[in-house]
Amino acid sequence: MYEAYREYFAFMEQLGKTLDQLTELAKEKTVAVRRDDLLAVDDCMKREQALGLSLRAMDKKRDKLLAAIGLENVTLSGLAQHCPEELRPEAKAAADRLRERYDLYRSASDVARTTLECNLHQIERMMADEADAPLGSGTIADIRA
């Protein structure tokens with residue numbers, strides 16, 4: 001029975017590593033947005049999408065693992081109190097590590113999103129300014145043969 005719990009704890013570590021990858025991608029994306037490097041932003045978004053698909057698969061595995069130990073409706077914060085007494089310290093440590101990694105990811109993701117939104121607003125303003133500019137004001141190349 002302890003094997004099933006330990007398998008779940010190992011799964012939580014694997015999930016944490018995926019969150020670490022997403023955190024690094026969010027940081028990369030923030031740098032790319034600040035450099036106006038659209039190709040790098042696009043590459044980051046593609047890699048995030050791939051990791052998102054792996055998270056969906058991990059979600060199914062999590063459900064199976066929780067069902068195997070009878071903890072389907074237990075939250076991460078309640079994991080330790082629902083584990084056998086001998087495993088509670090290990091469960092608490094695993095849950096705390098995963099929660100910390102998730103918090104780091106959310107923070108990095110929020111910064112990337114905010115940076116991207118600010119740049120998009122700047123682009124929208126520039127486009128609106130160009131649309132309001134009269135023809136011949138220098139915004140459109142004037143080529144005469």
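Scroll up to find the structure.
Since the model is a prediction, treat every value here as computed from it, not as a measurement.

*Asks:* Just checking my understanding: could you explain the overall build of the chain for this structure?
*Replies:* When helices and strands are tallied, the chain shows four helices and zero strands. Along the chain, from the amino end to the carboxyl end, the secondary structure elements read α-α-α-α. Since a compact globule built from 145 residues should have a radius of gyration of about 15 Å, the 23 Å found for the chain marks it as more spread out than a globular shape. Across its three principal axes, the chain shows a C-alpha extent of roughly 85 × 25 × 20 Å. Out of the 145 residues belonging to the chain, those deemed buried represent 30%. In the form shown here, the chain has an accessible surface area of approximately 10,100 Å², with 55% of it arising from carbon and sulfur atoms. Measuring between centres, the 22 positive side-chain charges of the chain sit 3 Å from its 27 negative side-chain charges.

*Asks:* I would appreciate a short explanation of the side chain of Thr 30 in the present structure.
*Replies:* One can find Thr 30 in helix H1 (residues 2-34). Other than its neighbours up to four places away in sequence, Thr 30 contacts Ala 108, Val 111, Ala 112 and Thr 115.

*Asks:* Would you mind going over the pattern of salt bridges with me for this structure?
*Replies:* Two side chains that carry opposite charge are able to pair once their charged atoms sit near each other. Within this structure, the stated rule accounts for 18 salt bridges. Close ionic contact of Arg 35 with Asp 37 constitutes a salt bridge, the shortest N to O distance being 3.1 Å. A relative accessible area of 52% means that Arg 35 is categorised as exposed. The shortest N-O distance in the salt bridge between Asp 96 and Lys 92 comes to 2.8 Å. One end of the pair, Asp 96, and the other, Lys 92, are both in helix H4 (residues 88-132), four residues apart, so they sit about a helical turn from each other. A single salt-bridge network, built from bridges that share partners, covers Glu 13, Asp 20, Arg 97 and Arg 101.

*Asks:* Looking at this model, I keep getting lost on the packing of aromatic side chains. Mind explaining?
*Replies:* Two descriptors summarise a pair of aromatic rings, namely the distance from one centre to the other and the angle between the planes of the rings. Scanning all chains against the criterion turns up two aromatic pairs. Ring centres 6.1 Å apart and planes at 20 degrees place the aromatic pair Tyr 8 and Phe 11 in the stacked group. Taken together, the positions of Tyr 8 and Phe 11, both in helix H1 and three residues apart, correspond to about one turn of that helix. With relative accessibility at 6%, the residue Tyr 8 sits in the buried group. A ring pair is formed by Tyr 102 and Tyr 105, whose centres lie 6.5 Å apart and whose planes are at 50 degrees; its orientation type is tilted.

*Asks:* Looking at this structure, how should I read H4?
*Replies:* Along an α-helix, a turn takes 3.6 residues, which lines up residues three or four apart on a common side. If you check H4, its first and last C-alpha atoms are 65 Å apart, about what 45 residues at 1.5 Å a residue would give, namely 66 Å. Looking at H4, one finds that the buried residues are Ala 91, Ala 94, Ala 95, Leu 98, Arg 101, Tyr 105, Ala 108, Ala 112, Thr 115 and Asn 119. Close packing links the buried residues of H4 with H1 and helix H3 (79-82).

*Asks:* What should I look at first to understand H1 in this one?
*Replies:* Between its first and last C-alpha, H1 extends 48 Å over 33 residues, near the 48 Å set by a 1.5 Å rise per residue. Just beyond H1, the residue with positive phi is Asp 36, at close to 60 degrees.

*Asks:* In this structure, what is going on with the environment of Glu 48? I would like to understand it.
*Replies:* Along the polypeptide, Glu 48 turns up in helix H2 (residues 38-68). Expressed as a C-alpha distance, the spacing of Glu 48 and Leu 25, which sit 23 residues apart in the sequence, is 7.0 Å. In this structure, Glu 48 is in contact with Leu 22, Leu 25, Ala 26 and Lys 29, ignoring residues within four places of it in sequence.

About the thresholds
Residues numbered from 1 in each chain as written. Predicted model: local features only at pLDDT ≥ 70, side-chain atom pairs only at ≥ 80, totals over all residues. Heavy atoms only, no water. Helix = DSSP H or I, 4+ residues; strand = E, 2+ residues; numbered from the N terminus. Rg over C-alpha atoms; globule rule 2.2 N^0.38 Å. Buried < 20%, exposed > 50% of the residue type's maximum accessible area, 1.4 Å probe, protein only. Areas by Shrake-Rupley, 256 points an atom, 1.4 Å probe, with all protein chains shown as cover. Lys, Arg positive; Asp, Glu negative; His and termini not counted. Charge placed at Lys NZ, Arg CZ, Asp CG, Glu CD. Contact = heavy atoms within 4.5 Å. Salt bridge = Lys/Arg side-chain N within 4 Å of Asp/Glu carboxyl O. Phe/Tyr/Trp six-rings, centres within 6.5 Å; stacked < 30°, edge-to-face > 60°. Expected span 1.5 Å × (residues − 1).

Keep in mind that these numbers describe shape and distance, not what the molecule does.
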